[in-house]
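Here is what each chain is made of, one letter per residue.
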Amino acid sequence: MEPVPQLLEQQPPPVFRRKPRKIGCCERTLDILCPSILFSFVVWEFVTATRYALVSTFVQFSGFMLYVVCLYLMSTVLTLVSFFRAAFTEPGTVDTKSLVSLTPVTCVFCGSPKPARTHHCSVCGKCRPRMDHHCVFVGTCVAKRNYKFFLLLLVWGAVACFCHTVLMWQPAFDSILRFMRDATLAQLSHFNQFLDDNPILLMMFPLTRPAELFASPPEPVTISAFLGVVNVCASVSLSFLVCLALMCFSTFHMYLTLTNQTTLQSSRISYSVGWFGNIKDALGPTPLLWLVPVLDVPPAAPHLKAG
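The sections below set out a description of the structure shown in this document. Just so it is clear, the structure is predicted and the values come from calculations on it, not from any experiment.

**Brief notes about the overall build of the chain**
Item 1. A count of helical and extended segments in the chain gives 7 helices and 6 strands.
Item 2. Helices and strands in the chain line up, N terminus first, as α-α-β-α-β-β-β-β-α-α-α-α-β.
Item 3. The buried share of the chain, taken over its 307 residues, is 36%.
Item 4. Long-range contacts, defined here as pairs at least 24 residues apart, represent 65% of the contacts in the chain between residues at least 6 apart.

So, in structure tokens, the structure goes:
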């Protein structure tokens, strides 16, 4: 009788990992430069609005514009809070200790267990649960724990830019007209001086001195006055363009929230649990806190951790 062959212990198949992509100096610089530019833009818009519109509106107490000012102040504060919360809140990582027995799928880059809706960020070098994308304007990944802050940054930023455009278009228009008036009067004053230096012209042609047609004397046209006009016009123009861009991004991410999708997720796989449940999954279980930048996400699954 032939001996029974000894059962060989089954060995797991070898895991072939891909070599992670090297992060260049340019990407590291963008993660620092873009948030700084975004923060500087919000501060510049607020300072410009305070100088040219907010003070005069509060003094005049004009009904509708006063409500716009209050909405602008509230949305600016919420935009800054959402920005800092999105930038400094840990997006979330996968707890490898409790996930080993739950899924056989592993990441080909870092080798950690990879549950559904988890993607590896090549910039951060970690797997992120419910990852949407790596955003250079907040300097980190947008994933499970900070997606709410990113969405509120888009929404409140669009509201702040819209209010800023409403508040600043009239001061911008007035500053342009005032500068053109002063420049015109300055040229006419030079023409009057030319007539004084050449009295024969007045003898030959009975001309009316142009400066006499204006009641107030012209203000001197200086470089600072010109830069002030450029500052106001640039503030209104950029605010309007940024408002349009943020409205487009906000609409897109609202659609993703309502359908329980992410930017990286394929639309062929559906995780939708109804529009109300999808909103609760992204913004938290408390509807009163949906528009407030506080962490109110549902309790994490056992295989997820904060950082």
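**Description of the nonpolar core**
Item 1. Val138, Val142 and Leu283 are the most contacted members of the largest nonpolar core, which has 23 residues in total.
Item 2. Of all elements in the fold, only helix H2 (63–88), helix H4 (147–197), helix H6 (223–259) and helix H7 (275–283) reach the threshold of two or more residues within this core.
Item 3. Among the elements that make up this core, the one with the highest residue count is H4 (9 residues).
Item 4. What leucine 283 contacts, discounting residues up to four positions off in sequence, is Lys148, Leu151, Trp290 and Asp296.
Item 5. If you look at the next biggest cluster of nonpolar residues, it comprises 12 residues, including Val69, Cys163, Val232 and Val236.

**Looking at the packing of H6 against H7**
A pair of packed helices is characterised by two quantities: the angle between their axes and the separation of those axes.
Item 1. H7 packs onto H6 with a crossing angle of 110 degrees between their chain directions and a minimal axis gap of 6 Å. Comparing their axes, H7 and H6 come out roughly perpendicular. Taken together, the residues of H7 that come into contact with H6 (itself represented by Thr257, Leu258 and Thr259) are Trp275, Asn278, Ile279 and Ala282.
Item 2. Its residues assigned to classes, the contact of H6 with H7 shows 4 nonpolar, 3 polar and no charged.

**Digging into the pattern of salt bridges**
Item 1. With the rule as written, the count across this model stands at 3 salt bridges.
Item 2. Between glutamate 90 and arginine 128 there is a salt bridge, and its shortest N-O distance comes to 2.6 Å. Separated by 38 residues along the polypeptide, glutamate 90 in the loop between H2 and strand S1 (93–94) and arginine 128 in strand S3 (residues 126–129) bring together distant segments of the chain.
Item 3. A salt bridge links lysine 144 to aspartate 281; the shortest N-O distance between them is 3.2 Å. Note that lysine 144 is positioned in the loop between strand S5 (140–142) and H4 and aspartate 281 in helix H7, a separation of 137 residues in sequence.
Item 4. Classification of aspartate 281 by relative accessible area gives partly exposed; the value is 22%.
Item 5. Linked through salt bridges whose partners overlap, the residues forming this network are Arg130, Lys144 and Asp281.

**Quick notes on the packing of aromatic side chains**
Item 1. Taken as a whole, this structure holds 7 aromatic pairs when the rule is applied.
Item 2. Between the aromatic rings of phenylalanine 41 and tryptophan 44, the centroid separation amounts to 6.1 Å while the plane-to-plane angle is 55 degrees, which identifies the pairing as tilted. In this pair, phenylalanine 41 and tryptophan 44 both sit in helix H1 (residues 25–60), 3 residues apart, roughly one turn of the helix.
Item 3. Relative accessible area serves as the criterion here: at 16%, phenylalanine 41 is assigned to the buried category.
Item 4. Among the residues examined, tryptophan 44 registers a relative accessible area of 28% and is labelled partly exposed.
Item 5. By the ring-pair criterion, three or more aromatic residues cluster together here, those being Phe39, Phe83, Phe84 and Phe88.
Item 6. Against the face of tyrosine 147 rests arginine 130, its NZ or CZ located 5.5 Å from the ring centre.

**A closer look at the environment of alanine 143**
Item 1. As for its placement among the helices and strands, alanine 143 is situated in the loop between S5 and H4.
Item 2. A relative accessible area of 0% means that alanine 143 is categorised as buried.
Item 3. Remark: the alpha-carbon pair of alanine 143 and methionine 131, spanning 12 residues in sequence, is separated by 4.0 Å.

**Thoughts on the side chain of threonine 118**
Item 1. Looking at where threonine 118 falls in the secondary structure, it is placed in strand S2 (residues 118–121).
Item 2. Looking at threonine 118, the relative accessible area reads 4%, which means it is buried.
Item 3. Looking at threonine 118, its side chain comes within polar contact range of the main-chain oxygen of proline 115, at 3.3 Å.
Item 4. Discounting residues that sit within four places of it in the chain, threonine 118 has contacts with Val94, Cys127, Arg128, Pro129 and Arg130.

**Points about a nonpolar patch on the surface**
Item 1. On the surface, Phe39, Val43, Phe46, Val47, Phe84 and Phe88 cluster together into a nonpolar patch covering about 550 Å² of accessible area.
Item 2. Turning to its location among the elements, valine 43 is positioned in helix H1.

**A short note on the pairing of S3**
Item 1. As paired strands, S2 and S3 are joined by 4 bridges and run antiparallel to one another. When the sheet's bridge partners are listed, cysteine 121 is paired in S3 with lysine 126.
Item 2. Taking the residues between adjacent antiparallel strands as the criterion, S2 and S3 are bridged by 4 residues, where glycine 125 takes a positive phi near 75 degrees.

Rules behind the numbers
- Residues numbered from 1 in each chain as written.
- Predicted model: local features only at pLDDT ≥ 70, side-chain atom pairs only at ≥ 80, totals over all residues.
- Heavy atoms only, no water.
- Helix = DSSP H or I, 4+ residues; strand = E, 2+ residues; numbered from the N terminus.
- Buried < 20%, exposed > 50% of the residue type's maximum accessible area, 1.4 Å probe, protein only.
- Contact = heavy atoms within 4.5 Å.
- Core = buried A, V, L, I, M, F, W, Y, C linked by side-chain atoms within 4.5 Å.
- Axes fitted to C-alpha atoms, helices over the stretch in contact; angles between N-to-C directions.
- Parallel < 35°, antiparallel > 145°, perpendicular 65-115°, else oblique.
- Nonpolar A, V, L, I, M, F, W, Y, C, P; charged D, E, K, R; others polar.
- Salt bridge = Lys/Arg side-chain N within 4 Å of Asp/Glu carboxyl O.
- Phe/Tyr/Trp six-rings, centres within 6.5 Å; stacked < 30°, edge-to-face > 60°.
- Lys NZ or Arg CZ within 6 Å of the ring centre and 35° of its normal.
- Polar contact = N/O pair within 3.5 Å; in protein donor to acceptor, adjacent residues only side chain to side chain.
- Patch = residues over 30% accessible without salt bridge, like charges linked within 9 Å, V, L, I, M, F, W, Y side chains within 5 Å.
- Areas by Shrake-Rupley, 256 points an atom, 1.4 Å probe, with all protein chains shown as cover.
- Pairing = 2+ DSSP bridges.

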